[in-house]
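# Working through the structure, step by step
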Amino acid sequence: MSHTATDVEPAQPPPGDDHAFFGHPRGLMTLSGLEVWERFSFLGMQAILVLFFADTVANGGMGMNPGTAASVSAAYGTLVYLVSVAGGWLADRILGSYRAVLYGGILIACGHYAMAVPTATMTWVGLGLISAGTGLLKPNVASMVGKLYATEDQRRDAGFALYYMAINIGAFAGPLVTGWLGEHASWHWGFSAAAFGMTLGLIQYVLGRRHLAGRKRAAEYALAPGPMRRAVLTIAAGVVVVALVATALALSGWLTMDRFVDVLTLVSVITPVVYFVVMFRSPRVTPEERGRLRPYVVLFLASVVFNFILFQAYSTMMLLASTNARTEIFGFHFPASWYASALGAFEVALAPVVAAVWARMGPRQPHASNKIAFGVILGGLSFLLMVLPTSGHADDTYRMAAWWIVGSYLLLGLGDVLLETSGMSATTKLAPKAYASQTMALWFLSLALANGIQAQIVKLYGEVSNPAYFGVNGAIAVAAGVAVLAAAPWLKRTMHPVH
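Given the structure is predicted, the values throughout are model-derived calculations rather than measurements.

Time to look at the environment of N168. Here N168 is to be found in helix α5 (residues 156-184). Residue class for N168 comes out buried when judged on its relative accessible area of 13%. Residues N168 and V241, 73 residues apart in the sequence, show an inter-C-alpha distance of 38 Å. When neighbours within four sequence positions are excluded, N168 is seen to be in contact with G344, E347 and V348.

This part takes up the packing of helix α1 (residues 26-54) against helix α10 (residues 316-324). Each pair of packed helices gets described by two things: the angle between the helix axes and the distance between those axes. For the pair α1 and α10, interaxial distance at closest approach is 9 Å and the crossing angle is 65°. Of the two elements, α1 crosses α10, and the hand of that crossing is right-handed. Counting all contacts with α1, which are made through A47, V50, L51 and A54, the residues of α10 involved are M318, L319 and S322.

What follows covers the nonpolar core. In this structure, M45, Y339, I405 and Y409 are the most contacted members of the largest nonpolar core, which totals 94 residues. Residues in contact with M45, not counting those within four places in the same chain, are F40, Y76, H112, M115, L127, I130, T178, F191 and A194. In this structure, L28, L34, I108 and V141 belong to the second largest nonpolar core, which totals 23 residues.

Another point: the pattern of salt bridges. Once their charged atoms are close, side chains differing in charge can pair, the charge on each being opposite to the other. For the coordinates displayed, the defined rule picks out four salt bridges. Linking E35 and K138 is a salt bridge whose minimum nitrogen-to-oxygen distance equals 3.2 Å. Linking E35 in helix α1 with K138 in helix α4 (residues 120-146), this pair joins segments that are 103 residues apart in sequence. Take E35 and K138: they sit in the same class, and that class is buried.

A few words on the packing of helix α8 (residues 257-281) against helix α9 (residues 287-310). Running from N to C, α8 and α9 point in directions that differ by 165°, and their axes come no closer than 10 Å. It follows that α8 is roughly antiparallel to α9 by the angle criterion. Seen along the crossing, α8 lies across α9 with a hand that is left-handed. Each of P272, F276, M279 and F280 in α8 lies in contact with α9, whose residues at this interface are R290, L293, R294, Y296, V297 and F300. Of the residues contributing to the contact of α8 with α9, the split by class is eight nonpolar, no polar and two charged.

A positive phi angle is found at F330, which is not glycine, with a value near 55°. Of note, F330 is situated in the loop between β1 (328-329) and β2 (332-333).

A few words now on a nonpolar patch on the surface. Taken together, the side chains of L266, V269, I270, V273, V274, V277 and V278 make up a nonpolar region of the molecular surface, amounting to roughly 550 Å² of accessible area. Inspection of the secondary structure puts V277 in helix α8. V277 gets classed as partly exposed once you look at its relative accessible area, which sits at 36%.

Conventions adopted
- Residues numbered from 1 in each chain as written.
- Predicted model: local features only at pLDDT ≥ 70, side-chain atom pairs only at ≥ 80, totals over all residues.
- Heavy atoms only, no water.
- Helix = DSSP H or I, 4+ residues; strand = E, 2+ residues; numbered from the N terminus.
- Buried < 20%, exposed > 50% of the residue type's maximum accessible area, 1.4 Å probe, protein only.
- Contact = heavy atoms within 4.5 Å.
- Axes fitted to C-alpha atoms, helices over the stretch in contact; angles between N-to-C directions.
- Left-handed = near helix turned anticlockwise from the far one by under 90°.
- Core = buried A, V, L, I, M, F, W, Y, C linked by side-chain atoms within 4.5 Å.
- Salt bridge = Lys/Arg side-chain N within 4 Å of Asp/Glu carboxyl O.
- Parallel < 35°, antiparallel > 145°, perpendicular 65-115°, else oblique.
- Nonpolar A, V, L, I, M, F, W, Y, C, P; charged D, E, K, R; others polar.
- Patch = residues over 30% accessible without salt bridge, like charges linked within 9 Å, V, L, I, M, F, W, Y side chains within 5 Å.
- Areas by Shrake-Rupley, 256 points an atom, 1.4 Å probe, with all protein chains shown as cover.

Right under this line is the structure:
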């Protein structure tokens, strides 16, 4: 690693910005605004993606069976989070945070515009661009939020709370707009709305750039000129080679969609295994840090189990809602994809409540490992709840009340609030110092693995009964959460300094 003081991104916002946004730096408004629109576009598109895949070609869809539609949707999520691991490295060594986020946002917008074109080819091109763009943007926006505050600044946690609330506002609003357009106009009009949202996010990001820390051109830990040229050439050559090989295999008939999904699942399994092996064997990791890595493996696996359930809010649960749930409340009819907005709404509402409860409990609040375990159990219960309305029917023409799916999302949203905040905090505290800059990569690998496993399991959706599908998956998640609770004494002992 070669870097000097001049390589670092020292640019700071104007002094008057420090308390301009609800007592926080004005740059927080710029970054939160970007995340509102990025989540609006990403989750708005994801809420209708599986429905688009499963819809008939005559209706403008892709004509996939439900299990395949859910599997391909999960594979897309796997690719997004795998690319995110590389996105953090590119920002640190080559692009710098500001440019990485800007270029990522441009790719995302171009991807959504491509998906607005009603052809299968442009759909796949668009998903590829969105995957690459999200991989650049997602891991680096959070690091830019951190740069707005000094390490000892007491506002840091509250600032991140506002930032995560912005994420959930976008998650709530996106499916409302894209879902309405997808059902009442066409799926591609829904994708167009996602493109428009990302464009608005980019405009306000560029206009607000003077309020951001670390906005200079140089990367924070930039490679020296020689190694940087070699790295850029290697990356470019690698992309070209992979594209050529994939094209050749696809034209030969070997690289089918099923095999592509299987390859992504395999990569999502191998990558975190290699990552942990390297950390456990690294001479730069002290024995004390190695001891803290062991409990982190448990928490990593707990995150995988929970997110395996969470991500199905946008796949199997969407499919179930579209075929077997009523889409009206108090006489008001709505698109099935609007159910996805309930998850964002619950998280916006529950996050400050949970934070207030923990603050009131102070040192009496549960240990971080128990919070994560409760989150996993709630995720499992959200699936077990679906066993009740899907059981005892002679055929698949039944329609359950809307409150069943809303109740499932309430449990899932509360579980997400408990697990994600504690899990990310534990990641930053338990990761070895030599790998501190890669803590986000660790977290994204758990999300990639969850999606990779989902891409295989959801193939069973529609092949087995709905009570069996949701019941078995939910029971496994509950059992995993109980196992983490049972390991609490050991986790508390070995997770210092996490409380």
